[in-house]
Amino acid sequence: MRRIPPFKLVPEPLDDAARNLRKFRWAAKEIGTRHQLGGTPKLLQDQDWPVCSKCREKMTFYGQLDSINDEFCIADCGMIYVFICFGCIETASIVHSY
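The model shown is predicted, which means the values in this text are computed figures rather than measured ones.

K.L.:
Now, about the pairing of strand S3 (residues 60–66): what can you tell me, with residues and values included?
P.N.:
For S3, the tally of buried residues reaches five of seven residues, placing the bulk of the element in the interior. In the sheet, strand S2 (residues 36–37) pairs with S3 via two bridges, with the strands oriented antiparallel. When the bridges of S3 are listed, Gln-36 appears paired with Gln-64. Two elements, S3 and strand S4 (residues 79–85), share six bridges in a ladder whose sense is antiparallel. The residue bridging Thr-60 from the neighbouring strand is Ile-84, located in S4.

Have a look at this one:
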């Protein structure tokens, strides 16, 4: 399994619709800021690490995407985690919530 060095992702609104999205009303301050590429996932729940369906090797953690706001909230302020097998070009994603 390869490891990608960690990168912090900071969303940048690309149009007025994105710039005008309301913030979370009741979520904790860090919700919406936990986007990341590489490194170690900040898992919200215990999870078995995904394995590639072709080669059966552990997949590489590629990144995580956080909820955006109350309108685009992933499973109660959760996140999507993306994994990849670079050898087989297979991907897997997992959704976690609080």
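K.L.:
Please provide a residue-by-residue account of a nonpolar patch on the surface, values included.
P.N.:
A contiguous nonpolar surface patch, about 250 Å² in accessible area, is contributed by Leu-21, Ile-68 and Phe-72. Its place among the elements puts Ile-68 in the loop between S3 and S4. Relative accessible area serves as the criterion here: at 49%, Ile-68 is assigned to the partly exposed category.

K.L.:
Mind laying out the packing of aromatic side chains, listing which residues take part and the relevant values?
P.N.:
Per the counting criterion, the structure on display carries two aromatic pairs. The interplanar angle of 75° and the centroid separation of 5.2 Å between the aromatic rings of Trp-49 and Phe-83 together place this pair among those described as edge-to-face. Linking Trp-49 in the loop between S2 and S3 with Phe-83 in strand S4, this pair joins segments that are 34 residues apart in sequence. Accessibility expressed as a relative area gives 28% for Trp-49, which makes it partly exposed. You can call Phe-83 buried: its relative accessible area is 2%. Ring pairs connect the aromatic residues Trp-49, Phe-61 and Phe-83, which therefore count as one cluster. The residue whose ring lies beneath Arg-2 is Phe-86, and the NZ or CZ to ring-centre distance is 4.5 Å.

K.L.:
If you had to explain the environment of Ile-94 to someone new, which residues and values would you point to?
P.N.:
Take Ile-94: it is sitting in strand S5 (residues 90–96). Each C-alpha atom, one on Ile-94 and one on Leu-43, is 9.9 Å from the other, the two residues being 51 residues apart in sequence. Beyond its immediate stretch of four places on either side in the chain, Ile-94 contacts Gln-47, Pro-50, Met-79, Ile-80, Tyr-81 and Phe-83.

K.L.:
Report on the pattern of salt bridges, specifying residues and quantitative values.
P.N.:
On inspection of all chains with the given rule, the structure shows three salt bridges. A salt bridge links Asp-16 to Arg-19; the shortest N-O distance between them is 3.0 Å. Separated by three residues within a single helix, Asp-16 and Arg-19 lie in helix H1 (residues 16–19), roughly one turn from each other. Look at Arg-19 and you get partly exposed, because its relative accessible area is 47%.

The rules behind the values
Each chain carries its own residue numbering, running from 1 in the direction its sequence is written. A pLDDT threshold of at least 70 governs which residues receive local features in this predicted model, and a stricter bar of 80 or more applies before side-chain atom pairs are shown or counted, although totals over entire chains, interfaces and linings include all residues. The basis for the side-chain values is all heavy atoms of the structure; hydrogens and waters are excluded. Buried, partly exposed and exposed residues are distinguished by accessible area as a fraction of the type maximum, computed with a 1.4 Å probe on protein chains only: under 20%, between the cut-offs, and over 50%, respectively. The way it works is that DSSP assigns letters per residue, a run of H or I at least four long becomes a helix, a run of E at least two long becomes a strand, and they are numbered from the N terminus. By the convention used here, strands pair only if DSSP detects at least 2 bridges between them. Residues form patches when they are more than 30% accessible in relative terms and have no salt bridge. Like charges link within 9 Å. Nonpolar side chains (Val, Leu, Ile, Met, Phe, Trp, Tyr) link within 5 Å. Values of accessible area rely on a 1.4 Å probe in the Shrake-Rupley scheme; residue burial ignores everything except the protein chains shown. Salt bridge criterion: a side-chain nitrogen from Lys or Arg within 4 Å of a carboxyl oxygen from Asp or Glu. Paired rings are identified among Phe, Tyr and Trp, the last through its six-membered ring, by centres lying within 6.5 Å, and are further divided according to the angle between planes into stacked (under 30 degrees), edge-to-face (over 60) and tilted (the rest). Only when the NZ atom of a Lys or the CZ atom of an Arg is both within 6 Å of the ring centre and within 35 degrees of the ring normal do we say a charge sits over the ring. In what follows, residue pairs with any heavy atoms lying within 4.5 Å of each other are defined as contacts.

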